[in-house]
Amino acid sequence: MRRPILAGNWKMYKTPAETCVFFEKFLPLVAHSTHCEIVVCPPFVDLNPAIEAARGSAIEVGGQNLFWAKEGAYTGEISAPMLKAVGCRWVLVAHSERRQYFGETNATAAKKLVAALDAGLTPIYCVGETLAEREAGNTNQVLETQLSGGLGDLTLEQFRRIVIAYEPVWAIGTGKVATPEIAEEAHAFIRSQAQSKFGADAAAACRILYGGSVKPDNIKGLMAQPDIDGALVGGASLDPASFAAIVNF
Ligand code: PGA
C-alpha cells in the first residue's frame, strides 16, 4: 500500500552537461520501472536540464534545499515557488549535511516543510543520529526531538503529504550501511512517533526512506523490511547503472 520511492541526492556533483549525459544513460535503464517512484535531486543549476531530460518519463526532479520565504532579499537562496516553477515536484529538507555545515535546525526545518507544502512540493524530511549519539544510547531521543521539532506544527493534512528519510549520519558517505535490522528498528520507532502525533492511519500511510551508503548490493535486504519504503541514495545515485540497479531492486 506504500509505493516505494527511490530518490537520488547528487549533493554538489555534476554540471549541466554531465546531467544530460546521466539522463541519456539512465532513462532506458528505468523505462519499465513502474513499481516505484523515481526522484533525482541535482544541484540547482542542473534542475532545468534534469527536468527537460526527464520530460515524458516517470522520473521526477527535486531540489536539495529551499528557503522558507516566497521571495525577498535573501542572497543566495531559492524559494519553494521557484522550485515549483521550474518543474520540481520534490525537495529535501534538513539533510544532515545541511544541519552539520549550514546551521540548519529542527526549527528551520519546520518552516521549510511548511513552505514546501504551501508551494505544492513534496518535502523529504531528513532525520538521523550521529555515531556519538548512537553510542551514547540516545538514538531514539534524537529522533524524537527531530520529529517533534520539525513536524510538530504540521496539521494532519500536511503530515499526509510529507515523506521522512531516516539517515544515520554515521552511514552517510562512509560505506557503513546500517544493517537492515538496525534500520528497521529506527523506522519502526519513527512510525510509532508519527502514530502518537498523527494517528494510526496517517502513520501507516507515511513513507519512510532509508539513507546512508545504499548500494545495488544492499538495497534488497533493506527493502525487505516492513517499515522501509524506499531509499535516499547519495554516492550510488551519481552513476546511471548503479542507480538503475537500486531502482530495479
Ligand atoms: P550516501 O549518501 O548514499 O552517499 O551515503 C546518502 C545521503 O546523504 O542522502
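What counts and what doesn't
- Residues numbered from 1 in each chain as written.
- Predicted model: local features only at pLDDT ≥ 70, side-chain atom pairs only at ≥ 80, totals over all residues.
- Heavy atoms only, no water.
- Helix = DSSP H or I, 4+ residues; strand = E, 2+ residues; numbered from the N terminus.
- Rg over C-alpha atoms; globule rule 2.2 N^0.38 Å.
- Contact = heavy atoms within 4.5 Å.
- Areas by Shrake-Rupley, 256 points an atom, 1.4 Å probe, with all protein chains shown as cover.
- Lys, Arg positive; Asp, Glu negative; His and termini not counted.
- Charge placed at Lys NZ, Arg CZ, Asp CG, Glu CD.
- Disulfide = S-S within 2.5 Å.
- Buried < 20%, exposed > 50% of the residue type's maximum accessible area, 1.4 Å probe, protein only.
- Near = heavy atom within 4 Å.
- Polar contact = N/O pair within 3.5 Å; in protein donor to acceptor, adjacent residues only side chain to side chain.
- Nonpolar A, V, L, I, M, F, W, Y, C, P; charged D, E, K, R; others polar.
- Expected span 1.5 Å × (residues − 1).
- Salt bridge = Lys/Arg side-chain N within 4 Å of Asp/Glu carboxyl O.
- Axes fitted to C-alpha atoms, helices over the stretch in contact; angles between N-to-C directions.
- Parallel < 35°, antiparallel > 145°, perpendicular 65-115°, else oblique.
- Left-handed = near helix turned anticlockwise from the far one by under 90°.

*Asks:* Would you explain the overall build of the protein in this entry?
*Replies:* When its secondary structure is counted, the protein shows twelve helices and eight strands. Here the protein has a C-alpha radius of gyration of 17 Å; the compact-globule value for 249 residues is 18 Å, and the two agree. Seen along its three principal axes, the alpha-carbon backbone of the protein occupies a region of about 45 × 45 × 35 Å. Counting only contacts in the protein whose residues sit at least 6 apart along the sequence, the fraction spanning at least 24 positions is 72%. Entry remark: accessible area of the protein is about 11,000 Å², with carbon and sulfur atoms responsible for 56%. Computing the positive centroid from 22 side-chain charges and the negative centroid from 26, the protein places the two 3 Å apart.

*Asks:* Before we go on, may I ask you to explain the state of the cysteines in this structure?
*Replies:* Think of a disulfide as a covalent bridge from one cysteine sulfur atom to another cysteine sulfur atom. Using the criterion set out here, one finds zero disulfides in the structure. Take cysteine 88: it sits in no disulfide, and the sulfur closest to it among the cysteines is that of cysteine 41, at 7.9 Å. For cysteine 88, a relative accessible area of 1% corresponds to the buried category. Between cysteine 206, a free cysteine, and cysteine 126, which holds the nearest cysteine sulfur, the sulfur-to-sulfur gap is 13 Å.

*Asks:* Hey, could you run me through the site of the ligand in this one?
*Replies:* The environment of the ligand is formed by 13 residues, the closest being Lys11, His95, Glu167, Gly173 and Ser213. The separation between an oxygen atom of the ligand and a polar side-chain atom of glutamate 167 is 2.7 Å. Serine 213 places a main-chain nitrogen or oxygen 2.7 Å from an oxygen atom of the ligand. The fraction of the free accessible surface of the ligand (290 Å²) that becomes covered by protein chains is 96%. Considering only residue class, the shell around the ligand consists of four nonpolar, seven polar and two charged.

*Asks:* Teacher, can you tell me more about helix H9 (residues 180–198) here?
*Replies:* Given 3.6 residues per turn, any residue in an α-helix points the same way as the ones three and four places further on. In a regular helix each residue adds 1.5 Å, so 19 residues correspond to 27 Å; H9 covers 26 Å between its end C-alpha atoms and thus fits that length. Where H9 is concerned, the buried positions are Ala183, Glu184, Ala186, His187, Phe189, Ile190, Arg191, Ala194 and Phe198. The positive-phi residue at the C-terminal boundary of H9 is glycine 199, with phi of around 95 degrees.

*Asks:* For this particular structure, what's the right way to read the pattern of salt bridges?
*Replies:* Two side chains bearing opposite charge may form a pair once their charged atoms approach each other closely. Within the structure shown, the criterion is met by eleven salt bridges. Taking the shortest distance from any N to any O, the salt bridge between arginine 2 and aspartate 229 comes out at 2.8 Å. Pair noted here: arginine 2 is in the segment before strand S1 (5–9) and aspartate 229 is in the loop between helix H11 (219–223) and strand S8 (230–233), with a separation of 227 residues, a long-range link. Its salt-bridge partner being arginine 98, residue glutamate 104 comes within 2.9 Å of it at the nearest N-O pair.

*Asks:* When you look at the packing of helix H1 (residues 16–29) against helix H12 (residues 240–247) in this model, what are you seeing that I'm missing?
*Replies:* The description of two helices packed together rests on the angle between their axes and the distance between the axes. Where H1 contacts H12, the two axes come as close as 9 Å, and the packing angle between them is 30 degrees. Taken together, H1 and H12 sit at an angle that is classed as roughly parallel. As for the relative orientation of H1 and H12, their crossing is right-handed in sense. Across from Phe22, Lys25, Phe26 and Leu29 in H1, the residues of H12 making contact are Pro240, Ala241, Phe243, Ala244 and Val247. Taken together, the residues of the contact of H1 with H12 break down into eight nonpolar, no polar and one charged.

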